[in-house]
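Coordinates in review
Residues per chain, in single letters:
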Amino acid sequence: MDFLKVSSKSSPASVAGAIAGMVKDGVPVNMQCVGAGAVNQAVKAIAIARGFLIPTGVDVSCAPTFSDIDIGGEKRTAIRFAVYVHRLTPHSATPDTMDDRGVVA
């Protein structure tokens, strides 16, 4: 499994563009971060990607996990984010969302 590797110096907007592109292409999105700064950039990128995708009828969420990895012979703990895609359906009017005239509030 390949990962988008996010560092503390990664541009959240660039990572968000990569996430959105992969989602639109139907490619599974998994990200790997080492360190608090990298995790911060990854979370910002996911939030930005949601803004890119929601108008197209797609939303994303993520699930973080820990992973022990080896970097240059040194054991490190990474946080990996699996990104899940959700197709949005048009909002349908229900009695809960209508006012007393039957108009969607």
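Residues numbered from 1 in each chain as written. Predicted model: local features only at pLDDT ≥ 70, side-chain atom pairs only at ≥ 80, totals over all residues. Heavy atoms only, no water.

Glancing now at the packing of helix α1 (residues 12-24) against helix α2 (residues 36-53). For any two helices packed against each other, the geometry comes down to the angle between their axes and how far apart the axes lie. In the contact formed by α1 and α2, the axes pass within 8 Å of each other and the chain directions differ by 50 degrees. Viewed along their axes, α1 and α2 adopt a mutual orientation that is oblique. Crossing hand, α1 versus α2: right-handed. When α1 is examined against α2, the residues Pro 12, Ala 13, Val 15, Ala 16, Gly 17, Ile 19, Ala 20, Val 23 and Lys 24 are found in contact with a partner set consisting of Gln 41, Lys 44, Ala 45, Ile 46, Ile 48, Ala 49, Phe 52 and Leu 53. In the contact of α1 with α2, the residues fall into 13 nonpolar, two polar and two charged. (Axes fitted to C-alpha atoms, helices over the stretch in contact; angles between N-to-C directions. Helix = DSSP H or I, 4+ residues; strand = E, 2+ residues; numbered from the N terminus. Parallel < 35°, antiparallel > 145°, perpendicular 65-115°, else oblique. Left-handed = near helix turned anticlockwise from the far one by under 90°. Contact = heavy atoms within 4.5 Å. Nonpolar A, V, L, I, M, F, W, Y, C, P; charged D, E, K, R; others polar.)

With five bridges joining them, strand β2 (residues 29-33) and strand β4 (residues 74-87) adopt antiparallel strand pairing. Paired with Asn 30 across the bridge in β4 is Ala 82. Looking at chain direction, strand β3 (residues 58-71) and β4 are connected through 14 bridges and run antiparallel. Counterpart to Phe 66 in the pairing with β4 is Ile 79. (Pairing = 2+ DSSP bridges.)

With that out of the way, let us pick up α1. In a regular helix each residue adds 1.5 Å, so 13 residues correspond to 18 Å; α1 covers 18 Å between its end C-alpha atoms and thus fits that length. Of the surrounding elements, those touching the buried residues of α1 are β1 (4-6), β2, α2, β3 and β4. Positioned one or two residues after α1, Gly 26 has a phi angle of 75 degrees, which is positive. (Expected span 1.5 Å × (residues − 1).)

Our focus in this paragraph is the nonpolar core. Ranked by internal contacts, the top residues of the largest apolar core, which has 20 residues, are Ile 19, Val 23, Met 31, Cys 33 and Phe 81. Looking at this core, the elements that each hand over two or more residues are α1, β2, α2, β3 and β4. Of the residues forming this core, the biggest block, seven residues, is contributed by α2. (Core = buried A, V, L, I, M, F, W, Y, C linked by side-chain atoms within 4.5 Å. Buried < 20%, exposed > 50% of the residue type's maximum accessible area, 1.4 Å probe, protein only.)

The next thing to look at is the side chain of Asp 59. Examined against the element boundaries, Asp 59 turns out to sit in strand β3. A distance of 2.7 Å separates the side chain of Asp 59 from the side chain of Arg 50, its partner in a polar contact. In contact with Asp 59, other than residues within four places in its own chain, are Arg 50, Ile 54, Tyr 84, Val 85, His 86 and Leu 88. (Polar contact = N/O pair within 3.5 Å; in protein donor to acceptor, adjacent residues only side chain to side chain.)

What follows concerns the pattern of salt bridges. Per the stated rule, a full pass over the model turns up one salt bridge. A salt bridge links Arg 50 to Asp 59, with the shortest nitrogen-to-oxygen separation between them at 2.7 Å. The class of Arg 50 is partly exposed, set by a relative accessible area of 35%. According to the relative accessible area criterion, Asp 59 is buried, its value standing at 14%. (Salt bridge = Lys/Arg side-chain N within 4 Å of Asp/Glu carboxyl O.)

From the geometry alone we can't say anything about function, so treat these as descriptive.
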